[in-house]
Amino acid sequence: MPHNYNDANRMKPQMQAYVRSTGAYVPPRRMSNDELAQLVDTSDEWIFSHTGIRYRHIAAEGVAASDLAVEAARIALQRAAIEPDEIDLILVATSTPDYLGLPATACIVQDRLKAGKAAAMDLVAACTGFVYGLQTARAFVESGAARTVLLIGSEVYSQIINWQDRNSCVLFGDGAGAVVVSAGQTAEGSRIIDGALYSRGQGAESLARLAGGSRRPLTEDQRASAECFLSMDGRSVYNFAVPALVETIQTLLQRNSLSFDDLDWVVPHQANVRIIEAAAKRAGFDPKKFFTNIAEYANTSAASVPIALDEMWRNGLLKRGQTIITVGFGGGLTYGGNLLVW
Ligand code: UT7
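Keep in mind it's a predicted model, so treat the numbers as computed, not measured. (Residues numbered from 1 in each chain as written. Predicted model: local features only at pLDDT ≥ 70, side-chain atom pairs only at ≥ 80, totals over all residues. Heavy atoms only, no water.)

Trainee: What is the right way to look at the domain arrangement of the chain in this model?
Mentor: How large an interface is tends to be reported as the accessible area lost when its parts come together. Each domain of the chain was delimited in the assignment, giving domain 1 (5–189) and domain 2 (192–341). Put simply, the middle of domain 1 and the middle of domain 2, counted by C-alpha atoms, are 13 Å apart. The interface is formed by 61 residues belonging to domain 1 together with 52 residues belonging to domain 2. Carbon and sulfur atoms supply 59% of the area that domain 1 and domain 2 bury against each other, a total of about 4500 Å² over both sides. On the domain 1 side of the interface with domain 2, the three residues burying the most area are Cys-127, Val-131 and Ile-160, jointly 13% of the side's total. Remark: the boundary between domain 1 and domain 2 carries two salt bridges. Between Glu-296 and Arg-30 there is a salt bridge, and its shortest N-O distance comes to 2.8 Å. (Domains from an automatic or database assignment. Contact = heavy atoms within 4.5 Å. Buried area = accessible area lost by both parts, 1.4 Å probe. Salt bridge = Lys/Arg side-chain N within 4 Å of Asp/Glu carboxyl O.)

Shown next as structure tokens:
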């Protein structure tokens, strides 16, 4: 149901914000399900039939979130024909930052890009990070606080996965996706129309990296224990995700007086094809409008939506003037979406 902030959401903005360009980068190392089956007790058949995943890309040793982020960002900036010193704000959505807590990965990116005028900060909303970031970028632009925002989702889950836990290690991959959000609009009316963000903190521990923060600082023993790695209650995340997807899409449609037929695409977080199919079936949405590329990349968390947008744009699926909804859901628990004219 619409939240209170919706009123503020509806205030007439000083500026409109639109997505000006995309970029994406995944590490070259591509790991198949068969290869994974040599590490843990699983199979290509189980992984594909339960998730739709065939491959994931894995960062080389020593490659961090900022390294992938910079590659994706450079492509997005080049396509936008924007110089780094035109960027007002760099947002990096990541749950696998270069450093624990500080400094922000966005600051490493700012330095590498030589974006001399940009503020830089990270945003932690796990797999909903990009969706939260797009709404944040929109708010900065619409309020007049920024004209150009570089938003990047970048993840190196391979470094926090427990590679002995078949319940979770088969699901994730590494990668980065970026967008430039600018003030203004195109001849086709491109703009970010609306955003809906939610959180359900009571499910915090169903998808978490439990040790290493200020709640449970690392002890000597824990350094080698499972708590240092990602843990997941897959069934409860699944049960949360399906209605979250439906609610987000329905809310964005209803409060903008649109029907599902008005949409050209839904670009969901790529966690599991079955989650997407179940949500479409539950709400009677045409499943063909849901873009998926999880077979190639697995779940890249905050990077999955911008990687998908970039792939759609490069393949000519996404065109200026189309109406789309992006949806994210995951750790936090968090979920939400954005409604855009591309
Ligand atoms: O961005 C959000 C990130 N997380 C998610 O989106 C996760 C959401 N959850 C899911 O996608 C699904 O719950 C999973 C894909 C994680 C699991 O699928 P499921 O159909 O819910 O399987 P399950 O957890 O009910 O497990 C069924 C069986 C179990 O065996 P038993 O107890 O029935 O004998 C598991 O041990 O499948 C077994 N299993 C596996 N078998 C082979 C679990 N993982 C694997 C595996 N290979 N990798």
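Trainee: I keep staring at helix H11 (residues 304–314) and nothing clicks. Help me out?
Mentor: Given 3.6 residues per helical turn, the α-helix brings residues three or four places apart onto the same face. By the criterion of burial, H11 is predominantly enclosed, with nine of the eleven residues buried. Where H11 is concerned, the buried positions are Ser-304, Val-305, Pro-306, Ile-307, Ala-308, Leu-309, Asp-310, Glu-311 and Met-312. At the exit of H11 stands Gly-316, carrying a positive phi of roughly 75°. (Buried < 20%, exposed > 50% of the residue type's maximum accessible area, 1.4 Å probe, protein only. Helix = DSSP H or I, 4+ residues; strand = E, 2+ residues; numbered from the N terminus.)

Trainee: Which parts of the structure should I look at to understand the site of the ligand?
Mentor: Not every one of the 23 residues close to the ligand is listed here, only the nearest: Thr-42, Cys-127, Arg-235, His-269 and Asn-272. Within the backbone of Arg-166, an N or O atom sits 3.0 Å from a nitrogen atom of the ligand. Separating a nitrogen atom of the ligand from a backbone N or O atom of Gly-234 is a distance of 2.9 Å. If the ligand stood free it would expose 950 Å²; the protein chains cover 73% of that surface. When atom positions are compared with the pocket grids, the ligand is found to occupy the second largest pocket. For the shell around the ligand, the elements supplying multiple residues, two or more each, are helix H3 (44–51), helix H7 (166–169), helix H8 (234–254) and helix H9 (273–283). Per element, the largest residue contribution to the shell around the ligand is four residues, and it comes from H8. Looking at the shell around the ligand residue by residue, the class counts come to eleven nonpolar, eight polar and four charged. (Near = heavy atom within 4 Å. Polar contact = N/O pair within 3.5 Å; in protein donor to acceptor, adjacent residues only side chain to side chain. Areas by Shrake-Rupley, 256 points an atom, 1.4 Å probe, with all protein chains shown as cover. 1 Å grid on protein atoms, 1.4 Å probe; cavity = no way out; pocket = protein on both sides within 12 Å on 5 of 7 lines; lining within 4 Å. Sits in = over half its atoms within 2 Å of the grid points. Nonpolar A, V, L, I, M, F, W, Y, C, P; charged D, E, K, R; others polar.)

Trainee: Explain the nonpolar core here, please?
Mentor: Taken as a class, soluble globular proteins show a tendency for nonpolar side chains to be buried jointly. One finds Val-19, Leu-134, Val-149, Val-181, Val-267, Leu-309 and Ile-324 to be the most contacted residues of the largest nonpolar core, which totals 31 residues. The set of elements that each furnish at least two residues to this core consists of strand E1 (17–25), strand E4 (89–93), helix H6 (129–142), strand E6 (148–156), strand E7 (174–183), strand E8 (191–199), strand E11 (265–268) and H11. Take this core: its biggest share by element is six residues, from H6. A domain-level breakdown of this core finds at least three residues from each of domain 1 (5–189) and domain 2 (192–341). (Core = buried A, V, L, I, M, F, W, Y, C linked by side-chain atoms within 4.5 Å.)

Trainee: Would you explain the sheet that holds E6 in this entry?
Mentor: On the basis of which strands lie adjacent, the open sheet formed by five strands has the order E1-E7-E6-E4-E5 and mixed pairing. Two strands lie at the open edges of the sheet, namely E1 and strand E5 (119–123), each paired on one side alone. Neighbour-to-neighbour, the strand axes of this sheet turn through a mean angle of 20°, independent of strand direction. Examined bridge by bridge, E4 and E6 share five bridges and lie parallel to one another. When the bridges of E6 are listed, Ile-90 appears paired with Leu-150. (Pairing = 2+ DSSP bridges. Axes fitted to C-alpha atoms, helices over the stretch in contact; angles between N-to-C directions.)

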